[in-house]
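# Structural overview for review
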Amino acid sequence: EGGMIVMAEIQVIRADFRLIHGQVITKWIRQTPANKILIIDDVLAKDSFMSSIYVMAAPPGIEVMIDTVDDAVAKWNSGAYGAAKLFVLIKDVPTIYRLYKAGFPVKELQIGGLGAGPGRKVVFGPITLDGEDMKKLTEMHEAGVHVYLHQVPDDPSMEFTKILEKNIF
């Protein structure tokens, strides 16, 4: 071994404002070799009561870790996630953008539900984006991150480039 850091493997990074919710996450996890869920959320990481609810919501046999953006980057860089196969969940695009800018390895980003809200437009199925999301995702896309929209495994996905072509924003 001689000081080899065992790096975790990221299976999926999914943006979904509901994070772990019933069928959807169970279906997604089953489609991947992931054995741990990593939720990266500054607010949740500091709220032990809400955190415990998400931990209990996980499918059987899947460990849940909840870290802040800063902790996640530090742990990734130091190899603290060990040999885990991670299913990474974040609530929104600003969070993933911060992770990306801080050096967390975002190679691919799956956009799921982002909820409704002022300035948000439906872009694909029930999935919404706003102008800020578009700016951040466009920057990531242009830097080589594969961004796509996919609500549930049974439904088709859509490439982010298609949203760009529609010129909705």
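Note that the structure is a prediction, hence the values are computed from the model and not measured. (Residues numbered from 1 in each chain as written. Predicted model: local features only at pLDDT ≥ 70, side-chain atom pairs only at ≥ 80, totals over all residues. Heavy atoms only, no water.)

### Brief notes about the packing of aromatic side chains
Rules: Stacked, tilted and edge-to-face are the three classes applied to pairs of Phe, Tyr and Trp rings, where Trp contributes its six-membered ring and a pair requires centres within 6.5 Å; stacked means planes under 30 degrees apart, edge-to-face means over 60, and tilted covers the rest. The criterion is that NZ of a Lys, or CZ of an Arg, lies within 6 Å of the ring centre and within 35 degrees of the ring normal, and then a charge sits over that ring.
In total, this model carries 1 aromatic pair according to the counting rule given. Positioned above the aromatic ring of Tyr97, the side-chain terminus of Lys136 is 5.4 Å from the ring centre.

### Observations concerning the sheet that holds strand 3 (residues 63-67)
Rules: In this description, strands pair whenever DSSP reports at least two bridges between them. Secondary structure counts use DSSP, requiring at least four H or I residues in a row for a helix and at least two E residues in a row for a strand, with both numbered from the N terminus. By definition in these notes, contact holds between two residues if any of their heavy atoms fall within 4.5 Å. Inter-axis angles, ranging from 0 to 180 degrees, are taken between N-to-C directions of lines fitted to C-alpha atoms, where helices are fitted over the stretch in contact.
Strand order in the open sheet made by the 7 strands is 3-2-4-1-5-8-9, with mixed pairing throughout. Edge positions in the open sheet fall to strand 3 and strand 9 (158-159), since each of these has one partner strand only. In the packing of helix 3 (residues 48-57) onto the sheet, contacts are made with strand 2 (36-40) and strand 3, and the angle to strand 3 comes to roughly 150 degrees. Set on the sheet, helix 5 (residues 93-101) makes contact with strand 1 (9-15), strand 2, strand 4 (85-90) and strand 5 (108-111); between it and strand 4 the angle comes to about 130 degrees.

### With respect to the packing of helix 4 (residues 69-78) against helix 5
Inclusion rule: The handedness criterion is simple: a crossing whose near helix is rotated anticlockwise from the far helix by less than a right angle is left-handed, and one whose near helix is rotated clockwise is right-handed. Asp, Glu, Lys and Arg are counted as charged, while Ala, Val, Leu, Ile, Met, Phe, Trp, Tyr, Cys and Pro are counted as nonpolar; the rest, among them Gly, fall into the polar class.
Across the interface, helix 4 lies against helix 5 with an axial gap of 10 Å and an inter-helix angle of 35 degrees. Two packed elements cross with a definite hand, and for helix 4 against helix 5 that hand is right-handed. Together, Val69, Ala72 and Val73 of helix 4 and Thr95, Arg98 and Leu99 of helix 5 make up the contact between the two elements. Here the contact of helix 4 with helix 5 is built from residues that sort into 4 nonpolar, 1 polar and 1 charged.

### Observations concerning the pattern of salt bridges
Using the following cut-off: Here, a salt bridge means any Lys or Arg side-chain nitrogen found within 4 Å of an Asp or Glu carboxyl oxygen. Think of it in three bands: with a 1.4 Å probe and only protein chains considered, a residue is buried below 20% of the maximum accessible area for its type, exposed above 50%, and partly exposed in between.
Inspection of the entire model under this criterion finds 12 salt bridges. With a closest N to O distance of 2.7 Å, Arg120 and Asp133 form a salt bridge. Taken as a pair, Arg120 in the loop between strand 5 and strand 6 (121-124) and Asp133 in helix 6 (residues 131-142) lie far apart in primary sequence, 13 residues in all. Residue class for Arg120 comes out partly exposed when judged on its relative accessible area of 22%. Classification of Asp133 as buried rests on a relative accessible area of 3%. The residue Lys136 makes a salt bridge to Glu132 at a minimum N-O spacing of 2.7 Å. You can see Lys136 and its partner Glu132 sitting in helix 6, 4 residues apart, about one turn around the helix. Owing to a relative accessible area of 16%, Lys136 belongs among the buried residues under this scheme. Three or more residues are tied together by salt bridges with common partners; here these are Arg14, Asp16 and Arg18.

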